[in-house]
Amino acid sequence: MLKVGILGATGMVGQRFVSLLADHPDFEIEVLTASPRSAGKKYEDAAKWYLDIEMPESVKDITVVNTDPKEVEDVDILFSALPSNIAAKVEPKFAEKYIVASNASAMRMEPDVPLLIPEVNPESLDLIEIQQEKRGWEGFIVTNPNCSTIALTLTLKPIYDLFDIKRVYVATMQAVSGAGYAGVPSMAILDNIIPFISGEEEKIETETLKILGTLKDDSIEPAKFKITASCHRVPVLDGHTEAVFIELEENFDIEDIKDAMAKFKGLPQKLNLPSAPKKPIIVLDDEDRPQPRIDRDNENGMAVTVGRLRKDNTIENSLKYVLVGHNTIRGAAGASVLNAELIKETIL
Ligand SMILES: NC(=O)C1=CN([C@@H]2O[C@H](COP(=O)(O)OP(=O)(O)OC[C@H]3O[C@@H](n4cnc5c(N)ncnc54)[C@H](OP(=O)(O)O)[C@@H]3O)[C@@H](O)[C@H]2O)C=CC1
Ligand SMILES: N[C@@H](CC(=O)OP(=O)(O)O)C(=O)O
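Residues numbered from 1 in each chain as written. Chains lettered and ligands numbered in written order. Predicted model: local features only at pLDDT ≥ 70, side-chain atom pairs only at ≥ 80, totals over all residues. Heavy atoms only, no water.

1. Quick look at the site of ligand 1
Near ligand 1 you find 25 residues, and of these T10, S35, S38, L82 and C147 are the closest. A distance of 2.9 Å separates an oxygen atom of ligand 1 from a polar side-chain atom of N103. Considered on its own, ligand 1 offers 920 Å² of accessible surface; in the complex 78% of this is hidden by protein. For the shell around ligand 1, the secondary structure elements donating two or more residues are α1 (12–21), α4 (84–95) and α12 (329–346). (Near = heavy atom within 4 Å. Polar contact = N/O pair within 3.5 Å; in protein donor to acceptor, adjacent residues only side chain to side chain. Areas by Shrake-Rupley, 256 points an atom, 1.4 Å probe, with all protein chains shown as cover. Helix = DSSP H or I, 4+ residues; strand = E, 2+ residues; numbered from the N terminus.)

2. As for a negative patch on the surface
There is a patch of like negative charges on the surface, built from E123, D126, E129 and E133. For E133, the location among the structural elements is in helix α5 (residues 127–135). Residue classification places E133 among the exposed positions, given a relative accessible area of 67%. (Patch = residues over 30% accessible without salt bridge, like charges linked within 9 Å, V, L, I, M, F, W, Y side chains within 5 Å. Salt bridge = Lys/Arg side-chain N within 4 Å of Asp/Glu carboxyl O. Lys, Arg positive; Asp, Glu negative; His and termini not counted. Charge placed at Lys NZ, Arg CZ, Asp CG, Glu CD. Buried < 20%, exposed > 50% of the residue type's maximum accessible area, 1.4 Å probe, protein only.)

3. Topic: the UniProt feature "domain: Semialdehyde dehydrogenase NAD-binding" (unreviewed entry) in the protein
The sites that carry the UniProt feature "domain: Semialdehyde dehydrogenase NAD-binding" (unreviewed entry) are, in the present numbering, residues 3–128. Across residues 3–128, helical content stands at 25% and strand content at 18%; the span's end C-alpha atoms are separated by 20 Å. (UniProt positions renumbered as here; feature names shortened; annotations may be inferred.)

4. Re the packing of α1 against α12
Contact geometry of α1 with α12 gives a least axis separation of 9 Å together with a crossing angle of 50 degrees. One element, α1, and the other, α12, form an angle in the oblique class. For α1 against α12, the interelement crossing comes out right-handed. Residues V13, R16, F17, L20 and L21 of α1 form the contact with α12, whose participating residues are I329, A332, A333, G334, S336 and V337. Class assignment of the residues belonging to the contact of α1 with α12 gives a composition of eight nonpolar, two polar and one charged. (Axes fitted to C-alpha atoms, helices over the stretch in contact; angles between N-to-C directions. Parallel < 35°, antiparallel > 145°, perpendicular 65-115°, else oblique. Left-handed = near helix turned anticlockwise from the far one by under 90°. Contact = heavy atoms within 4.5 Å. Nonpolar A, V, L, I, M, F, W, Y, C, P; charged D, E, K, R; others polar.)

5. A few points about the domain arrangement of the protein
The domain architecture assigned to the protein consists of domain 1 (2–146 + 333–346) and domain 2 (147–326). The straight-line distance from the C-alpha centre of domain 1 to that of domain 2 is 24 Å. With 35 residues of domain 1 in contact, the opposing surface of domain 2 contributes 38 residues. When domain 1 packs against domain 2, close to 2800 Å² is buried across both sides, 71% of that on carbon and sulfur atoms. Of all residues in domain 1, the largest losses of buried area upon contact with domain 2 belong to E119, V120 and N146, amounting jointly to 27% of the total for that side. At the boundary of domain 1 with domain 2, the tally comes to two salt bridges. In this structure, E207 and R108 form a salt bridge, with 3.0 Å as the shortest nitrogen-oxygen distance. Applying the counting rule to domain 1 against domain 2 returns 11 residue pairs in polar contact (both at pLDDT 80 or more). (Domains from an automatic or database assignment. Buried area = accessible area lost by both parts, 1.4 Å probe.)

6. Observations regarding the nonpolar core
If you look at the biggest cluster of nonpolar residues, it comprises 42 residues, and the most contacted ones within it are F17, L21, F27, L32, Y43, I77 and F79. Where this core is concerned, the elements lending two or more residues are β1 (2–7), α1, β2 (27–34), α2 (43–46), β4 (77–80), β5 (99–102), β6 (140–143) and α12. Considering each element in turn, this core owes the most residues, eight residues, to α12. A domain split of this core shows at least three residues from each of domain 1 (2–146 + 333–346) and domain 2 (147–326). Setting aside chain neighbours within four positions, we find Y43 in contact with A9, T10, Q15, V18, L32, W49, M55, V59, K60, I62 and V64. (Core = buried A, V, L, I, M, F, W, Y, C linked by side-chain atoms within 4.5 Å.)

Below, the structure written as structure tokens:
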């Protein structure tokens, strides 16, 4: 068993980490950190529990500490669910000594930091040695992508393996949990759609190309296709939906793409990692699926569900589909846990 801590354990993503790690076969929760508002309290008193599954008994009596390397010791891996501005300051300090598996956006686009989806770009872990050498750290930081980016890129990978992509257009319909508990007021979102999520479009447009890029010397050369995103907040609790439009460089058979998506597997499936979904991409034929309420929990929230996959006969060499991914599991805490499982299996 490896000893782990959760940074920002009282927040929405922190609670997902707690629930995924409490009964994990390889990881044991030792440390929970939060802001000075929560430090010194028992976890059950510090965290206003948001999830619809019970708070695990094993964490209730753990005393929350400040998110400060001086207050953390004797752990192997730290999972970070900190706000990005705090993560930018403290994650590098923790990485001097510890492995940090971060869900925050602060370090994702640093050239020497892996932006990892284990099924898509496990080779990005080669950056760790470069990172440690350059920064003089004993530990290191590995990040998972933005929630919308993870779901999109998982579905692009089997297509990109077969064909040259020319352009991707994506319109997202994102759940309110992505903005945190107090992120969107109920008066703003009920009976409504908000057509703006700060920074989200830029993250999708840059992170996707880094993930599908190529490791050259000591950094990643981004993939070369064009990608443009439009992001929208919708009154759904969990589960981001995305309408994806892809133009390829050549003609294709839609059945080949469907087959490649449905059969897609990566290293986590080969290694049988504890959180790996058996099928990372589930392809449905029903004309009215996927739907967030029905499909977000597929494979314990770790699979992306694709439907309405069809050729787009209005534009040459084009296809379109709709996907649903669980934003706080596959898109956040579950993604970091899978990253750490891969690190344990291949590096430690
Ligand atoms: N990839 C993805 O899809 C998603 C990513 N995220 C990202 O995950 C991170 C966490 O989001 P979320 O859980 O919604 O945020 P919350 O606001 O719910 O939680 C933030 C956590 O950080 C702690 N914290 C806040 N301020 C400080 C501080 N000054 N010093 C130390 N700790 C602090 C809070 O502690 P306290 O309770 O004491 O205030 C809490 O534990 C963010 O970076 C967010 O962008 C979020 C959702 C989805
Ligand atoms: N912006 C995402 C959640 C999020 O916090 O993303 P990121 O991890 O890239 O900051 C959403 O609103 O649904």
